[in-house]
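# Residue-level structural notes
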2 protein chains.
Amino acid sequence: MTKPAALTAERILQETEEVLRTHGASRATVMDVARALGVSHGTVYRHFRTKAELREAVTRRWLKNASGALVLIVQEGGESAPDKLRRWLSALFAAKRRKAGEDPQLFATYEGLLGEHSQVVEEHIGELVGQIEEILEQGVARGEFRYPHPDPSISARAVFDATAPFHDPKHAAGWHRSGIETEFSAVLDLVLLGVTVPS
Amino acid sequence: MTKPAALTAERILQETEEVLRTHGASRATVMDVARALGVSHGTVYRHFRTKAELREAVTRRWLKNASGALVLIVQEGGESAPDKLRRWLSALFAAKRRKAGEDPQLFATYEGLLGEHSQVVEEHIGELVGQIEEILEQGVARGEFRYPHPDPSISARAVFDATAPFHDPKHAAGWHRSGIETEFSAVLDLVLLGVTVPS
DNA sequence: CAGATGACAGATTTCAATATCTGTCATCTG
DNA sequence: CAGATGACAGATATTGAAATCTGTCATCTG
């Protein structure tokens, strides 16, 4: 048996995720988590002041996991900016869709959680938009891109918004329709035409 | 007193809308409608075979009302295609946002109904995409637009999808945030750059 | 006889009683 | 004494019995 390592916030988060997976968002209680950990619920409250805080921490963790790999694409060199933007957006869509597909129950659960923590979601969006802005900036520097709006961050946001049907969980129900690939690629083409300097 | 005009399907739809407005989607029953009309519920079932059919008819009616004025913009002449597309998309956003704002209770109600009748929603989307396709076609004919995708209808769909945050009810919660106008106008610029022939 | 009715069976919803949960804190334990 | 506990007072969720609704159809009425 593994030794009963000290109860850490991290350990609680892991178990909470498991409880969310098995019970669903609306039925996951702090007591469930405490029971799963074999401690009293008071102990959990020592690490997270409220249930909302605990759920928020799990949400933040999940979002970070979902978008962590993307930053690598931004940093890579040796690729044209249009290719990079294309690859970044495709990776975002693929990651979200995979999450939604492999465990729909859990995904629905997180969808519920996202609604509860708009603050966290906004931070996440800010991070993603920041990455798009970075790619646009690289493209502009290379003479490949133009900003559709004078403000680079608003331009990046426009790219983010225009591709919303392919990364916003609100649209998850449609991510496994046939034809979705075609639609995605058509929007990608449209957006790229919009930001690319005419040859 | 007005004469008790024969009970028509139209009359039932009107009253159903009223009941939906006052009771909300989940609490609106066929019996409520029948009571409001002063008839037995069996009579309502003479015009609509099921509750679902009645709700669907109301939904269809509402969607038609929401998009009816747009077709006029498509048909107008004497305007460049970019201006027309801009105006059409702005009108769509304005109409949806107005609906959502003026009676949020009723809007939420219809949002629920839309989920029940995906068939009707798809028809509605098909109609809107058709109108966009028409505008694109006019623009291509005038040498102002290019198709981002070889297939005109897929191109139109891309324009529709790229502007989803500003017409899809799933995003309605954000339609009264400050900054939404800026975001909309940035996406509009991006999309128009995408479909416009470089000068 | 075309159109309306209301009784009926089964499905769904409501509501109030009951059980469980959240968050606090005085107390316990190693 | 740092960390864990569990009793406790609201708040929230569950449950199942009773009420209401859906959809049908034999019957009624003008």
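All figures in this text were calculated on a predicted structure; none of them were measured in a lab. (Residues numbered from 1 in each chain as written. Chains lettered and ligands numbered in written order. Predicted model: local features only at pLDDT ≥ 70, side-chain atom pairs only at ≥ 80, totals over all residues. Heavy atoms only, no water.)

## Overview of the protein's contact with DNA strand D
The local shell around DNA strand D holds 15 residues, among which S40 and T43 of chain A together with H41, Y45 and K51 of chain B are the closest. The sugar-phosphate portion of DNA strand D accounts for 62% of its atoms within 4 Å of the protein, the bases making up the rest. Backbone polar atom of V30 of chain B to a phosphate oxygen of DNA strand D: 3.0 Å apart, as the coordinates give it. Between DNA strand D and the protein, one listed contact pairs a phosphate oxygen with a side-chain N or O atom of R35 of chain B at 3.3 Å. Secondary-structure elements contributing two or more residues to the surface near DNA strand D are α3 (41-47) of chain A together with α2 (30-37) and α3 (41-47) of chain B. Top contributing element to the surface near DNA strand D by residue count: α3 of chain A, with 4 residues. By residue class, the composition of the surface near DNA strand D is 4 nonpolar, 7 polar and 4 charged. (Near = heavy atom within 4 Å. Polar contact = N/O pair within 3.5 Å; in protein donor to acceptor, adjacent residues only side chain to side chain. Helix = DSSP H or I, 4+ residues; strand = E, 2+ residues; numbered from the N terminus. Nonpolar A, V, L, I, M, F, W, Y, C, P; charged D, E, K, R; others polar.)

## A word on the pattern of salt bridges
Considering all chains together, one arrives at 40 salt bridges over all chains under this definition. Among the salt bridges present, the one from R60 of chain B reaches E123 of chain B, with a minimum N-O distance of 3.4 Å. On the criterion of sequence distance, the pair formed by R60 of chain B in helix α4 (residues 51-67) and E123 of chain B in helix α8 (residues 118-141) is long-range, its members being 63 residues apart. Where salt bridges share partners, they join R157 and D161 of chain A together with R177 and E183 of chain B into one cluster. (Salt bridge = Lys/Arg side-chain N within 4 Å of Asp/Glu carboxyl O.)

## Remarks on the interface of chain A and chain B
On the side of chain B, 27 residues touch chain A, which itself brings 27 residues to the contact. Here chain A packs against chain B, burying approximately 2,200 Å² in sum over the two surfaces, 73% of which is carbon and sulfur. Of all residues in chain A, the largest losses of buried area upon contact with chain B belong to K170, L190 and L193 of chain A, amounting jointly to 24% of the total for that side. Seen at the junction of chain A and chain B, the total is 2 salt bridges. The residue E183 of chain B makes a salt bridge to R157 of chain A at a minimum N-O spacing of 3.5 Å. (Contact = heavy atoms within 4.5 Å. Buried area = accessible area lost by both parts, 1.4 Å probe.)

## Regarding the domain arrangement of chain A
Residue and element names in this part refer to chain A. The assigned domain composition of chain A is domain 1 (9-49) and domain 2 (59-195). If you average the C-alpha positions of domain 1 and of domain 2, the two centres end up 31 Å apart. For the pair domain 1 and domain 2, the summed buried area comes to about 700 Å², and 55% of that belongs to carbon and sulfur atoms. Considering only the side of domain 1, the residues that lose the most area to domain 2 are E17, L20 and R21, jointly responsible for 62% of the buried surface there. The tally of links between domain 1 and domain 2 comes to 3 salt bridges. One salt bridge in this structure joins R21 and D103, with 3.6 Å as the shortest N-O distance. In this structure, the connection of domain 1 to domain 2 is made through 2 residue pairs in polar contact (both at pLDDT 80 or more). Of the residues contributing to the side of domain 1 that touches domain 2, the split by class is 3 nonpolar, 2 polar and 3 charged. (Domains from an automatic or database assignment.)

## Brief notes about helix α1 (residues 9-23) of chain B
Residue and element names in this part refer to chain B. In this model, α1 (15 residues) spans 20 Å end to end at C-alpha, consistent with the 21 Å of a helix rising 1.5 Å per residue. Along α1, the positions that sit buried rather than exposed are I12, L13, E15, T16, E17, V19 and L20. In this structure, the buried residues of α1 make contact with α2, α3, α4 and α7 (104-116). Trailing α1 by a residue or two, G24 shows a phi angle of about 90°, which is positive. (Expected span 1.5 Å × (residues − 1). Buried < 20%, exposed > 50% of the residue type's maximum accessible area, 1.4 Å probe, protein only.)

## Quick look at the protein's contact with DNA strand C
In the neighbourhood of DNA strand C, 16 residues make up the surrounding shell, with H41, Y45 and K51 of chain A together with S40 and T43 of chain B lying closest. If you look at DNA strand C and keep only atoms within 4 Å of the protein, 62% of those are sugar or phosphate atoms. Contact distances for DNA strand C include 2.9 Å between a base oxygen and a side-chain N or O atom of H41 of chain A. The contact in question runs from a phosphate oxygen of DNA strand C to an N or O atom on the side chain of Y45 of chain A, over 3.0 Å. Among the elements of the structure, α2 (30-37) and α3 of chain A together with α3 of chain B are those that each provide at least two residues to the surface near DNA strand C. Its residues assigned to classes, the surface near DNA strand C shows 4 nonpolar, 7 polar and 5 charged.

## Here's the deal with the relation of the copies chain A and chain B
For the pair chain A and chain B, the superposition axis carries a translation of 0.1 Å, the fit reaches an RMSD of 0.1 Å, and the rotation angle comes to 180°. Taken together, the rotation and translation relating the two chain copies correspond to the operation of a two-fold axis. Counting the interface residues of chain A, we find that 100% of their copies in chain B are interface residues as well, pointing to one common contact surface. (Least-squares fit on C-alpha atoms with pLDDT ≥ 70 in both.)

## Overview of the side chain of E144 of chain A
Residues and elements named next belong to chain A. Following the sequence through the fold, E144 ends up in the loop between α8 (118-141) and α9 (152-162). Within the structure, E144 has its side chain in polar contact with the backbone nitrogen of A81 (distance 2.7 Å). In this view, E144 contacts S80, A81, P82, G139, V195, T196 and V197; residues no more than four positions away in its chain are not counted.

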